[in-house]
Structure formats: structure tokens, C-alpha cells
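Observations on the three-dimensional arrangement
The primary structure of each chain is shown beneath.
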Amino acid sequence: MEKISGSQAIIRCLQEEGVKIIFGFPGGAVIDLFDALMDSDITNVLVRHEQGAVHAADGLARVTGEVGVALLTSGPGATNGVTAIATAYMDSIPMVILTGQVPTALIGNDAFQEVDIVGITRPCTKHNYLVKDAKDLVPTLREAFHIARTGRPGPVLVDLPKDIVAKMIDFPEKKPIRMQNYQPTYEPHPGQIEKACKQIIKAKNPVLYVGGGVILSNANEELTELARKLNIPVTMTLMGLGGFPGSDPLSMGMLGMHGSYTANMAVAHSDLLIAVGARFDDRVTGRLDAFAPHATIIHIDIDPTSISKNVKVDIPIVADCKHALIAMNTWFNTASDFNREQVAASHEPWRATIDEWTKKHPMSYLDEGEIIKPQYVIQKLDELTHGNAIITTEVGQNQMWAAQFYKFNKPRQWATSGGLGTMGYGLPAAIGAKMAFPEKTVIDVAGDGSIQMNIQELATAKQYKCPVKVAILNNNYLGMVRQWQELFYNKRYAGTIMEVTPDFVLLAQAYGAVGLRATKKSEVEAVIKEALATDNTVIMDFAIAREECVFPMVPAGKATTEMLLV
Amino acid sequence: MKHTISVLLQNKPGVLSRVTGLFSGRGFNIESLSVAETLEPTISCLTLVTRGDEAIIEQITKQLHKLIDVIKVTDISDSEYVEREMVLIRVKAEAQTRAEVLRVIDIFRGKVVDVSPKSYAVEVTGSASKVQAIIDLLKPIGIQEIVRTGTIAMARASKK
Ligand SMILES: Cc1ncc(C[n+]2csc(CCOP(=O)(O)OP(=O)(O)O)c2C)c(N)n1
Ligand SMILES: [Mg+2]
């Protein structure tokens, strides 16, 4: 067999795994890999900061469901990627991060640009490797992809010493991967499914509580089938948005700290909570002992550690969400001693109660004439993109308004940093999404603070003719923190007023992008329309009501029924 | 409650730090930890003693199991088991205390493994509580140095 270099073998592995685009930034330790990439059909997107590379790969992974790949050099290149790796880890995003490393002979010597990236990323990767023998390169890479995309997905890092990728090796044949020590449970236990289904039949006030697991396992259709068949209201976490159609009458929107009044009330009054691919995060539950206090809890999750971690679960189902939901739907379709119409109808009084809550406190905001309300901007974005855009976000109020007011009807049109809440995520993630789906409209809903954290990626967007749109909800504040200060710190705005902010219109122009600004409500629609019609990267700078707060809000540590309302 | 957990893991560099990192990162405590190769050189056996209520122990075992390099996790204290720990103690042994020290060692079926004019080094094996008991007895005489292995444990074979 003809020998090839380690770096060529790595590229061949990427091709084997179906990788079309990778995001990278070069350096001494990875010149070989960049060199080999040049001869391949893989698009190598040169970002402007390694955090951007990993976020972009993450954005691509979220909208496609495929494994995102980033390539970073050793030392500072690798450490620059860490925030973004942790971001992907917290949200269970399948990724493979390749980092260069100093030659094996120098490892441990404090060599130039040496850092123990495997040690550093151990707690924020699903798994990681340092390849010390060239013959392990290919098997390790294959295993990395396997681990990244199976079970509860997550980022896997492979550290590649420079001498190892330069060695000449045989390219081993692909064999099915069998790992004695890693065998995620996909199929639910039939006994647990039956128990869960019987409990659902008995329930009067059931709620489906849907998390990112439904998106990750592509279980949205199965979930929708279950909810509609049995007339069960649905609420979603930040990560679960799009897992069930947001415009469906059964949708109560998001729950938790900035969830809808309806969703939080429904959970608090439910007698059965069916958690699907959600993890009872503190932003969802509020004060734990007051969370769903009357409910029997069914929890479907592929990760056993998620079950009974925060809240004691009555009926645990360890399984892939899709497989479990299929099993439940099948049970309901075939069980003889139960009348589906009757069960669905029996939830009507519950739905009436829920509708009352929505009537009393719908998701809303106060309109103030020509002042631009951020919620209005999101509603207009929704309307003018027909709810079909891919929305990424930065972090803060902008993120919450996007979650609350854009109606996500499909999965994978929403990419936001939920678990880690990483400012600077949105723009590179939008680039990743747009590279994957050039024909789709991709909008980063941004804050004036967050956008500055990875603004340099505008150059990447330009270089790769990647016309993403950035909608800055500009309040000239680190708004979300300011909101906490307004509500809980006597309006002492310590460190949240940005006295110097660039002129984002000029800034866009400096990058060769287009900058548009709206300072009045009546200008919003025209700006969005122009942005959507422009075949270029566009920044829309919306001067919004500066001290607008995100409501409802459950103050940290309070019960979810103790909401501050509009 | 005290639990003794036995973990089989890949015998590879960095694996131990995955385990200890898990414990420190999640605020679980480790009372003792001991690790060595099994008959199969690619696999190590790690015994750790920890404390926590039922929910914490459940999280600990699940989280351990989630580590890719972990092959098997058993909470040995769920069933009948034998546990042993070894301790080396250097105890002051001067003319007036030598006999006393030897008597204590004898009661615990310990062995003197090193002798100097002013001290004995003693080896004792037993359950953690037995080891603790001899330490408590020798303390008043004057312990100069002590090294414990931490507990290792094995489930008892089924009686049937
Ligand atoms: C990297 C990072 N640093 C700090 C924070 C804390 N933080 C959360 S929201 C926020 C304010 C964000 O301001 P901006 O982007 O203007 O958004 P706004 O809330 O005003 O919409 C800050 C500082 C964070 N989430 N991420
Ligand atoms: Mg702001």
C-alpha cells in the first residue's frame, strides 16, 4: 500500500466523515495540515480569531446536525478556542476540534507555544486525545467523530503533535467502531415506556417540557405527533425552541427565567411533567422545591447523569428522545384498552385554564410611539422573513427577546449559546450556518456589547462572500446586567454603561459590509427590508429603548410562579 | 454514608486525572483512592472511598460511568465485601516503650519492617477501622511518620 503523510491521512478521515467545510487559523504546528487541506475539496475557512473558528463550526453543526470541525494551532491558538469549546460542550454540540501540538520530543519542556490543551479542555470536552503514535492517527480521528456524534453529542478534541502528522503511514481500512467502554443507550426500556404511557393517560394536567435533546435527536416530528394526538400543551427551553412549532396552539412558548407566564403557570399547576431531552437547568426550574410541585415526572434523556440530578424523577427513561417518542407513539397507537379521543378531550378543561393564563398575561410589551422597542424589531424580523430565517444570537437581553418573539416553527433554525451564555457567539455561528446553507437567510440578533467580542469575523464573512445579517439591538448598555442592577442593585450601573461604542454603520463599511441604522420605529421595517435585499454582509443598528427590560422575569432563586411582569 | 466504589478503567495516561477532575469539578469528596493494573495490563482497577447521600452517590457512579475511558463502575458497598488497607507507621520506640509498642503490634498482627535505635517501622493490614484503631493506640507513644495505601476492596463471592 502507498504510504501517505499523517496530515494527508487526517484530511482523508475528514472526507470519510463527510466534512465539507472546516474553520481554522494557522500557526507553526499546523502548517502541514493546512498544506494538505489545500489539495483537498474541503473548504478551509480562515477566520480572524480561533474562538470564531470553533463557534462557526458549532453554528454549522447546530443547523445541519453534522459534526462541526475546527483546526487550531498549538498554544495560544488552542487556548483561544477554549471558550467556544466550552460553549459547545454545555449545549451538547457534536464537534471535532483539531489542535496542533509541539513535536512529541518537546512535550513537557515548556516549548514555544506548548500548552497542555488536553489537560485544559478535559472538563469541557466530551472526550479528548493526544496522539503520540502516527499509527493511532486514523483510528483516533474515527473514534473522535464517533464519540462526538453519538449518545449525548459533544465536542471532542484531538491534539496533534507536529512530528506525528509529518510521519508517513498506511491508511487503514475503515471498520465499524466498537468501543467496549462506550455504548450509549438508544432504545428505551419497554416497561418504562408502558409505565409512562399509562401515567399520561391518567393525567389531567399534563405538560410536555421539551429541551435541546429533541433537536439533537431530530425528534421534532415524533414529539409533535405525541402532543397533538393526546392534546398535551408544550413548553420549550431556550435550547428546545423549534422542537415543536412555536405557532401551534399547543405551544406555550419558552419556560423558565424569561419564559412566558403561561408556561411557568402551567408547569407549576401540572400533575404530570413529561421532560424530553431537557435537564432541569436552574434557569428553567427557579427555586427547586417549588418547581412542578404537584407533578409526577417522566424524564426521557440519553444521558443517565441528567436524570434525577436536580429533580427527583418518578419514571426515568434512558434513551434517545426519538426512539423513546416513537415507542410511546406506537404504544398509544396500538394499546387496546384506551380511547385516544377520550384522553385528548379530557385535557380540554386544562387547555381552557391555560388559555385563560395567556389571555391574562400574553407575551407583550408597551408600545411607545416612535421609540424602537426591541421586541418590535424581532417581530418585524419574524414577519419579514416569514419565520424562516436561521437566527443566531449573542447573549443578554437581545438573546431573550429573540427567543420570546421570533416564532420558531422548525428545528435547527435557532443557534444560541444556552448553557454557557457566551457573548460573541452569534456572529461566527451565523457565518458557520450561512456557509452550510448559502441559500438561507441567516441573522445574528446581537447586543451592542456582545457584537464587539467577535466583530473581527465580519472580515471572514466578507472574504467568503457570506452575506449574514447582524441586527444589533443597541441600548448602549450591557443591558442584561444593567437590568439586574435596575431590579436588584438599586440602579447602581457599575460597569454596564459603555461610554464609548463604535459607530456600527461606519464599522460595517470599514469591513466592506453595509451598515444601516434605524432610530425611529417607522424606520425599522425599511431597514430590515433593505438588509434582506442586500447581497452583502449587513449590520443593522437599531437604537432601541435604552432601559427596556426583559419580562416576564423570575428573579434568581425564586419560584417560577413569582414572575415580574410587563 | 460511606461508599466504596470500584472502577475499571483504561490504563492510559491522563485517565486518573479525568476521575479526580470529575470529583473536584463537581464538588464530590474522595476519602481515599488507590489504583493499579489488573491482570489485563491495559486495564486498571481504581478503588475509591467517598461519602454522600443516595442522590450524590447515584450522581458519582453515573458521572464516572460517563467518562469514556471508564469500563465498569461498581458500588461495592451495595453488597457484602471485604476491604483492606495497609499502613506503614514509624513509631517512637525507646527503652521504656519498646515492649508496649511490640504488644500493640502483636495484637493487631502487625509486623516490624524496620528497626532503628529509637524507632520501629510497623506494617499493619486490615479494614480502615482497624488501621485507624492502631494509629489511635500508637499516637500517645509517638508516631513520627505514617503512610496509608487507602482502601482496596472486593465484593464477596456469592455463597450459592
Ligand atoms: C463572555 C461573556 N462575558 C460576560 C457575560 C455576562 N453578560 C451576560 S449578558 C451581558 C450583557 C450583554 O450586553 P449586550 O451584548 O449589549 O446585550 P444586551 O443585554 O444589552 O441586549 C453580560 C456582560 C457573558 N454572558 N459572556
Ligand atoms: Mg446592549
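Up top you'll find the structure we're talking about.
Heads up: these notes are all about the structure in this document. Small disclaimer: the values here were computed from a predicted structure and weren't measured. (Residues numbered from 1 in each chain as written. Chains lettered and ligands numbered in written order. Predicted model: local features only at pLDDT ≥ 70, side-chain atom pairs only at ≥ 80, totals over all residues. Heavy atoms only, no water.)

Applying the stated criterion to the full structure yields 38 salt bridges over all chains. K229(A) is the salt-bridge partner of E225(A), the closest N and O atoms lying 2.9 Å from each other. One end of the pair is E225(A) and the other is K229(A), both in helix α11 (residues 220-230) and four residues apart, which spans about a single turn. When the shortest N-O distance is used, the salt bridge between E123(B) and K111(B) registers 3.9 Å. (Salt bridge = Lys/Arg side-chain N within 4 Å of Asp/Glu carboxyl O. Helix = DSSP H or I, 4+ residues; strand = E, 2+ residues; numbered from the N terminus.)

Further remarks concern the coordination of the magnesium ion (ligand 2). Residue and element names in this part refer to chain A. Bound to the magnesium ion (ligand 2) on the protein side are D448 (OD), N475 (OD1) and Y477 (O), at distances that span 2.1 to 2.2 Å. For the magnesium ion (ligand 2), all donor residues lie on one chain, and their spacing in sequence is D-x26-N-x1-Y. Accessibility assignment for this pair places N475 and Y477 in one class, buried. (Donors = N, O, S within 2.8 Å, 3.2 Å for Na, K, Ca; no water. Buried < 20%, exposed > 50% of the residue type's maximum accessible area, 1.4 Å probe, protein only.)

Time to look at the interface of chain B and chain A. Counting residues at the interface gives 14 residues for chain B, matched by 17 residues for chain A. Taken together, both faces of the contact between chain B and chain A bury some 1,400 Å²; the carbon and sulfur share is 48%. Taken together, the links from chain B to chain A amount to one salt bridge. Between D303(A) and K66(B) there is a salt bridge, with the nearest N and O atoms lying 2.7 Å from each other. Here chain B and chain A share eight residue pairs in polar contact (both at pLDDT 80 or more) between them. (Contact = heavy atoms within 4.5 Å. Buried area = accessible area lost by both parts, 1.4 Å probe. Polar contact = N/O pair within 3.5 Å; in protein donor to acceptor, adjacent residues only side chain to side chain.)

With respect to the helices and strands, H347(A) occurs in the loop between α15 (340-346) and α16 (348-360). The contacts of H347(A), once residues within four sequence positions are left out, are I200(A), A203(A), K204(A), P206(A), L230(A), N231(A) and I232(A).

We now examine the pairing of strand β19 (residues 514-518) of chain A. The two faces of a sheet get side chains in turn, since along a regular strand they alternate between them. Both β19(A) and strand β20 (residues 538-543) of chain A contribute to a ladder of five bridges, which runs parallel. Within β20(A), the residue paired with A518(A) across the bridge is F542(A). (Pairing = 2+ DSSP bridges.)

Attention now moves to the sheet that holds strand β14 (residues 315-318) of chain A. All names here are of chain A. The six strands are arranged β11-β10-β9-β12-β13-β14 in an open sheet whose pairing can be described as parallel. Only two strands of the sheet have a single neighbouring strand rather than two, namely β11 (251-254) and β14. The average angle at which neighbouring strand axes cross in this sheet is 15 degrees, direction not considered. When strand β12 (residues 272-276) meets strand β13 (residues 296-301), the two strands line up parallel, connected through five bridges. From the neighbouring strand, I274 faces β13, where its bridge partner is I298. Contacts between helix α9 (residues 190-202) and the sheet are confined to β12, β13 and β14, with β14 contributing the most and set at about 135 degrees to the helix. Set on the sheet, helix α12 (residues 261-269) makes contact with β9 (206-210), β10 (234-236), β11 and β12; between it and β11 the angle comes to about 105 degrees. (Axes fitted to C-alpha atoms, helices over the stretch in contact; angles between N-to-C directions.)

Residues and elements named next belong to chain A. Every one of the 17 residues lining ligand 1 counts as a neighbour, but Q397, G421, G449, S450 and G479 are closest to it. Contact distances for ligand 1 include 3.0 Å between an oxygen atom and a backbone N or O atom of Y477. Take G479: an N or O atom from its main chain is 2.7 Å from an oxygen atom of ligand 1. For the shell around ligand 1, the secondary-structure elements that each account for two or more residues are α18 (397-405) and α21 (479-488). Per element, the largest residue contribution to the shell around ligand 1 is three residues, and it comes from α21. Residue composition of the shell around ligand 1, grouped by class: seven nonpolar, nine polar and one charged. (Near = heavy atom within 4 Å. Nonpolar A, V, L, I, M, F, W, Y, C, P; charged D, E, K, R; others polar.)

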